[in-house]
Amino acid sequence: MIRPFLAVFIAVVGLFFWTASPTAPAAQKCGSPATAIHQIQGSGSHSPLAGQTVSIEGIVTYTSGHRDGFNGFYLQQADTETDNDPTTSEALFVYTRRKTSPGQRLRLTGVVKEFHDLTELVNVSQLTVCGREPVPKPIDITLPWPQPPESLENMRVSFGTPLTVIEHHNLARYGELTLASEDQIMPTEYLTPGVHAVQQKLRNLEHRVLLDDGKSTLNPTPVPWLELGENNTVRAGDQVAGLIGILDYRFGQWRVQPDRKPGLSRPAPRPDAPQKTAVDVVRIMALNLQNYFNGDGENGGFPTPRGAKNPNAHNHQLRRLTTAISLATPDIVAVTELENDGYGPQSSLVQLTRALGPAWRFIKTPGRDGTDAIRTALLFRNDRVRPEGRALRLNKDIYQHRGRPPLAQTFTPMAGGKSFRVVVPHLKSKSCRNAHGPDSDQRDGQGCFSAYRTHEAQAITRWLADLSTTENLAGTLITGDLNSYAQETPVDTFRRAGFTSLVHHAHPCRPGDCRYHSYRYRGEKGSLDYALANQALMAHVVSAYIWNINADEPRALDYQSAPDREGPWRASDHNPVITDFRL
């Protein structure tokens, strides 16, 4: 009888020592001493306990174990168990396929790991449900960040003031919207006094947060957040209110995994097309077509090198472009990113002109239209204006062997009045491919090929200075895509040559108020497209306007991705510039 008793005694003692052993903390019961989560997080950017096995207790705030989720859940210390140190987070991500639900109090053991700068618990060896408790209250925060977001990693947070949608480029691909306290301006669009453009860009990047869809898959279906907004879309400039959820860090970005659907509102409706003020006004519209290619011109030849991937996408693109142009009621359209395929009956230019209606014609230029796959072009209504003299292309200087040479044509209103010259440029892009020497990024905020664009601008101004003028010529308008923001050297080159940006003249940017922009790139807005008038033409300007139909619309709704829709929305990735003149 003694041996069985001793065996049981020895087994119980052994179990006691095994439970107390630091190498086997998983057997501890709910309520036993545990490692506090704020000790795991620490006050630095990485956990001081990385690689160690720990036992913790906390409350599940958000689960991401669903299909396409992150295979885990977020665990936060109860409000009564925090260290009241604002530099340490009270939560972490637990990487496991075990099922949990918000409000469960859990005790678990695992290994602390830094996974791409996210502190998490992995290799969970035991998980015990200790009961249910209220989830911790969210921490109220604002943007710009009042404290380093690292101190709130994986915790419940609440943004008390509405945030502004500044970017939706990855909406369809990753289910993300980028938010900030207000719309962010491209630093070289408006130079903040005393702040270098690169510093301002860093500030913009630092004070953002992503609204995430909680999924780890590409191309989520349906696309999240689209159903929140008016007309089944969300635009940049819309506001998100009541955002509560987990402050997460993944793929190099701080993001919120909302635990409830936030509210989305639109401070201003989608803009209507600007109306002409009088019948004697001549309207000129500049529009980047976002690579309008028509295949072989007979519903074949797709995918095209730069444009539509299939006939349906091309038809959507053509309909949206013609809708946008028709609603704007221009008399002349200056286009960029048009396929450089000549003037034959199956060419992109002829097809676009034909689709606009019987009153429309195009300008045919002599000689080469450049070596690029795309070119500039002019279309016009022959019942409103008539071309005077021959069209000109700048095929010398920097444009002698490469690039997209600008086009110039003089017009006269059919109703009478002075003639005017329209010049359509498309300067080199900011892409850094093949950039070297002075064309590489100079760390001044202007991107690559700023020197090349400046040389293009200088060549254009010299060319125009040499062109003959007549007494009846009211002046010259340069309108098109300069691939340069308002305070960059190419635009300054035109400014020094006597040309004024009409939109910026009428609506100058001010801090917090940069109303008109033609392009949005990585959450910052500015103007790449311009209407530049020389001094002689300034007296004839009636109005200048950027019609915001494209840049603020999500890429998820472009002609490549979305079914065809009514209206002009997302006909391109650039907004058109519209100028009115009385001649």
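Below is a summary of the structure that appears in this document. A quick note: this is a predicted structure, and the numbers were derived from the prediction, not measured.

## Looking at the overall build of the protein
- Counting secondary structure elements, the protein contains ten helices and 29 strands.
- Along the longest, intermediate and shortest principal axes, the C-alpha atoms of the protein span 125 × 55 × 45 Å.
- By the burial criterion, 55% of the 583 residues in the protein qualify as buried.
- Expressed as a percentage of contacts within the protein between residues at least 6 apart in sequence, the contacts between residues at least 24 apart total 72%.
- Just so you have it, the protein exposes about 25400 Å², and 53% of that area is on carbon and sulfur atoms.
- In the protein, 62 side chains carry a positive charge and 59 a negative one; their mean positions are 3 Å apart.

## Some details on the packing of helix H7 (residues 450-466) against helix H8 (residues 489-496)
- Following both chains from N to C, one finds H7 and H8 inclined at 20 degrees, their axes separated by 8 Å at the closest point. Between H7 and H8, the crossing angle belongs to the class labelled roughly parallel. Of the two possible hands of crossing, H7 and H8 adopt the one that is right-handed. Together, Ser450, Arg453, Thr454, Ala457, Gln458, Ile460 and Thr461 of H7 and Thr489, Pro490, Thr493 and Phe494 of H8 make up the contact between the two elements.
- Residue classes in the contact of H7 with H8 are distributed as four nonpolar, six polar and one charged.

## Notes on the state of the cysteines
- Under the counting rule described, the total for this entry stands at three disulfides.
- The partner cysteine of cysteine 432 in its disulfide is cysteine 448, sulfur to sulfur 2.0 Å. Across the disulfide from cysteine 432 to cysteine 448, rotation about the S-S bond amounts to roughly 90 degrees, and the bridge is consequently right-handed. A residue pair is termed long-range when its members are at least 10 positions apart, and cysteine 432 in the loop between strand E22 (419-424) and H7 and cysteine 448 in the loop between E22 and H7 qualify at 16 residues.
- One disulfide in the model links cysteine 509 with cysteine 514; its S-S distance is 1.8 Å. For the disulfide bridge between cysteine 509 and cysteine 514, the dihedral angle about the S-S bond is near 45 degrees, and by the sign convention the bridge is right-handed.
- With cysteine numbering restricted to those in disulfides and following the sequence, the protein has the pairing 1-2, 3-4, 5-6.

## Description of the sheet that holds strand E20 (residues 385-393)
- Pairing is mixed across the open sheet formed by six strands, whose spatial order is E20-E21-E22-E23-E27-E24. On the outer flanks of this sheet lie E20 and strand E24 (499-501), each paired with one strand and no other. For this sheet, the mean angle separating the axes of adjacent strands, direction not counted, is 25 degrees.
- Taken together, the five bridges between strand E23 (residues 473-481) and strand E27 (residues 529-534) define a ladder with antiparallel strand orientation. Paired with glycine 480 across the strands is tyrosine 530, a residue of E27.
- Those strands touched by H7 are E20, strand E21 (407-413), E22, E23 and E24, and its axis lies near 155 degrees from that of E22.

## A few points about the side chain of glutamate 114
- Mapped onto the elements, glutamate 114 comes out in strand E4 (residues 104-115).
- Although glutamate 114 lies buried, it forms no salt bridge, and the closest oppositely charged side chain, lysine 113, sits 10 Å away as judged by the N-O distance.
- A distance of 2.8 Å separates a polar side-chain atom of glutamate 114 from the backbone nitrogen of serine 47.
- Polar contacts involving the side chain of glutamate 114 include one to the side chain of threonine 119, which spans 2.5 Å.

## Digging into unusual backbone geometry
- Residue threonine 221 is joined to proline 222 through a cis peptide bond whose omega torsion reads -5 degrees.
- Tracing the backbone shows proline 222 in the loop between strand E11 (209-211) and strand E12 (239-241).
- Here phenylalanine 302 and proline 303 are connected by a cis peptide whose omega angle stands at 0 degrees.
- Within the secondary structure layout, proline 303 lies in the loop between strand E16 (281-292) and helix H5 (311-328).
- At glutamate 337, a residue that is not glycine, the phi angle is positive and equals roughly 60 degrees.
- With respect to the helices and strands, glutamate 337 occurs in strand E17 (residues 332-339).
- Under the relative-accessibility criterion, glutamate 337 is labelled buried at 14%.

## Observations regarding the pattern of salt bridges
- By the definition in use, this model includes 32 salt bridges.
- The residue arginine 105 makes a salt bridge to glutamate 81 at a minimum N-O spacing of 2.7 Å. Here glutamate 81 lies in the loop between strand E2 (72-76) and strand E3 (91-95) and arginine 105 lies in strand E4, a separation of 24 residues in the sequence.
- Ionic contacts of the salt-bridge type, sharing partners, join the residues Glu57, Glu81, Arg105, Arg107 and Glu133 into one network.

## Observations concerning the pairing of strand E8 (residues 163-167)
- Most of E8 is tucked away, with five of its five residues classed as buried.
- The pairing of E8 with E12 spans two bridges and is classified as antiparallel. Pairing of threonine 164 across the sheet is with glutamine 239, part of E12.
- Examined bridge by bridge, E8 and strand E9 (residues 177-180) share three bridges and lie antiparallel to one another. Of the residues in E9, the one forming a bridge with valine 165 is leucine 179.

The rules behind the values
- Residues numbered from 1 in each chain as written.
- Predicted model: local features only at pLDDT ≥ 70, side-chain atom pairs only at ≥ 80, totals over all residues.
- Heavy atoms only, no water.
- Helix = DSSP H or I, 4+ residues; strand = E, 2+ residues; numbered from the N terminus.
- Buried < 20%, exposed > 50% of the residue type's maximum accessible area, 1.4 Å probe, protein only.
- Contact = heavy atoms within 4.5 Å.
- Areas by Shrake-Rupley, 256 points an atom, 1.4 Å probe, with all protein chains shown as cover.
- Lys, Arg positive; Asp, Glu negative; His and termini not counted.
- Charge placed at Lys NZ, Arg CZ, Asp CG, Glu CD.
- Axes fitted to C-alpha atoms, helices over the stretch in contact; angles between N-to-C directions.
- Parallel < 35°, antiparallel > 145°, perpendicular 65-115°, else oblique.
- Left-handed = near helix turned anticlockwise from the far one by under 90°.
- Nonpolar A, V, L, I, M, F, W, Y, C, P; charged D, E, K, R; others polar.
- Disulfide = S-S within 2.5 Å.
- Pairing = 2+ DSSP bridges.
- Salt bridge = Lys/Arg side-chain N within 4 Å of Asp/Glu carboxyl O.
- Polar contact = N/O pair within 3.5 Å; in protein donor to acceptor, adjacent residues only side chain to side chain.

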